[in-house]
2 protein chains.
Amino acid sequence: MRRRAVVLLSGGLDSYTAAAVAARDGFDLYALSIDYGQRHARELDAAARVAAALGVARHIQIALDLTRFGGSALTSDSPVPRDRALDAADIPITYVPARNTIFLSLSLAWAEVLEADTLVIGVNALDYSGYPDCRPEFIEAFERLAALATKAGVEGHALKVSAPLLHLSKAAIITLGTSLGLDYALTHSCYDPTPDGSPCGHCDSCRLRAAGFADAGLPDPLLR
Amino acid sequence: MRRRAVVLLSGGLDSYTAAAVAARDGFDLYALSIDYGQRHARELDAAARVAAALGVARHIQIALDLTRFGGSALTSDSPVPRDRALDAADIPITYVPARNTIFLSLSLAWAEVLEADTLVIGVNALDYSGYPDCRPEFIEAFERLAALATKAGVEGHALKVSAPLLHLSKAAIITLGTSLGLDYALTHSCYDPTPDGSPCGHCDSCRLRAAGFADAGLPDPLLR
């Protein structure tokens, strides 16, 4: 049997690229997307397009209403910051409390059932917008937890959390994905799209994406 | 401001007792229950009764359909084992993959928004039915993860995972709760209740409960 990986697929370009790296490395992909009440729910359509393009073995979308907790501009009516200094040290209001912990936990549950030995997440530490749960030490701590949390772990089959973009800049991610033949026109990055779905161009996510394409010397196919 | 604790409340007697210990220790309680597609969804009614009896500041019930992943008799049509040897070394089919990891992650999200400094979970290691995510080392690993996963952690306010029943037997839990004045008639434990909601008397959960009341020398008010 080929090795299986559960891949968190948001519909953005990072998770698409991370999934493509796992596919290149020989994994069968099981893609998981979460409808968490995000204001940019349009990214879930992108996740479905990306999953199809990757030829995943299965794609599940799970509903989990994180708006019940609030605490983020992505899950409430609080405005998304526009043209914020991207090198600010503070954690921005677009941070969703414990999001990656929750998403990795859900991946872990599915991985246990599938007997998958790897979770794939597209976090990156360089352009990570200041979110605590995108740091290398967070990923390592989750891997340690997973070894203790599961039946497979108890039986000695430790699960690996693969974050192949962890130390890459946005430009390096785009260059890598382009070399793998990815079509970034399928993706969606904007936190606060216009009613017709166009990127706002002013949120952190739009601006990190634009800077990444510019630094990679490539045009963003979404803006053609 | 009084200290706040987010308490996972299943409707069973363990989480009720753990919550009562936190209330005794001076915390304001924020109770979280998860409708995860469990076959014994009746426990959610018990969770609401228990939350009211505890006088919690708030009770949220979140829907998260873990039947999508399958892999457990509690979230599928697989039969719940009857009269299983409770000292068997294997992990039983009622184990729900990664359940406590997921539930603690959700508590963590809410705790971050509430600025609560403690998560309370009613796991216990002696009568734990062989579930890996009820062990002390799992709880410690989650606490380490939480310190890295959150804004509060980054700012130096580590969050504590309180598992006050961790080393207690079921009988000791029942004795403790009784001393705190708890009414266990409000709770529900059975994994596989009859259509009218009566406990089956044969699943692990019923049998651990019965043995606990017997060892405590107390009658189970549910069976009166």
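The structure presented is a predicted model; accordingly, all values stated were derived computationally and were not measured.

Caption draft 1: Here's a closer look at helix H1 (residues 13–24) of chain B. Residues and elements named next belong to chain B. Across its 12 residues, H1 extends 16 Å between first and last C-alpha, which sits within 8% of the 16 Å expected from 1.5 Å per residue. Among the 12 residues in H1, nine count as buried, and that is most of the element. The positive-phi residue at the C-terminal boundary of H1 is Gly26, with phi of around 100°.

Caption draft 2: Looking closely at the sheet that holds strand S5 (residues 160–162) of chain A. Residue and element names in this part refer to chain A. In space, the five strands of this open sheet follow the order S3-S2-S1-S4-S5, with parallel pairing throughout. Only two strands of the sheet have a single neighbouring strand rather than two, namely strand S3 (58–63) and S5. Ignoring strand direction, the axes of neighbouring strands in this sheet form an average angle of 25°.

Caption draft 3: Highlighting the interface of chain A and chain B. Tallying the contact residues gives 38 residues for chain A and 37 residues for chain B. When residues of the side of chain A that touches chain B are traced back to their parent elements, those giving at least two are S3, helix H3 (99–114), helix H4 (136–149) and helix H5 (151–154) of chain A. Tallied by class, residues from the side of chain A that touches chain B come to 24 nonpolar, six polar and eight charged.

Caption draft 4: Seen up close, unusual backbone geometry. All names here are of chain A. The phi angle at Asp83 is positive, at roughly 55°, despite the residue not being glycine. Locating Asp83 in the fold gives a position in the loop between S3 and H3. With 11 C-beta atoms packed within 10 Å, Asp83 lands in the exposed category.

Caption draft 5: The arrangement of the packing of helix H1 (residues 13–24) of chain A against helix H6 (residues 170–179) of chain A in detail. Residue and element names in this part refer to chain A. Taken N-terminus to C-terminus, the directions of H1 and H6 make an angle of 50°; their axes are 10 Å apart at the nearest point. Between H1 and H6, the interaxial angle falls into the category oblique. For the crossing formed where H1 meets H6, the hand is left-handed. Taking contact as the criterion, the partners of Leu13, Asp14, Tyr16, Thr17 and Ala20 in H1 are, on H6, Ile173, Ile174, Leu176 and Gly177. Tallied by class, residues from the contact of H1 with H6 come to six nonpolar, two polar and one charged.

What counts and how
- Residues numbered from 1 in each chain as written.
- Chains lettered and ligands numbered in written order.
- Predicted model: local features only at pLDDT ≥ 70, side-chain atom pairs only at ≥ 80, totals over all residues.
- Helix = DSSP H or I, 4+ residues; strand = E, 2+ residues; numbered from the N terminus.
- Expected span 1.5 Å × (residues − 1).
- Buried ≥ 20, exposed ≤ 12 C-beta atoms within 10 Å, placed from the backbone.
- Pairing = 2+ DSSP bridges.
- Axes fitted to C-alpha atoms, helices over the stretch in contact; angles between N-to-C directions.
- Contact = placed C-beta atoms within 7 Å.
- Nonpolar A, V, L, I, M, F, W, Y, C, P; charged D, E, K, R; others polar.
- Parallel < 35°, antiparallel > 145°, perpendicular 65-115°, else oblique.
- Left-handed = near helix turned anticlockwise from the far one by under 90°.

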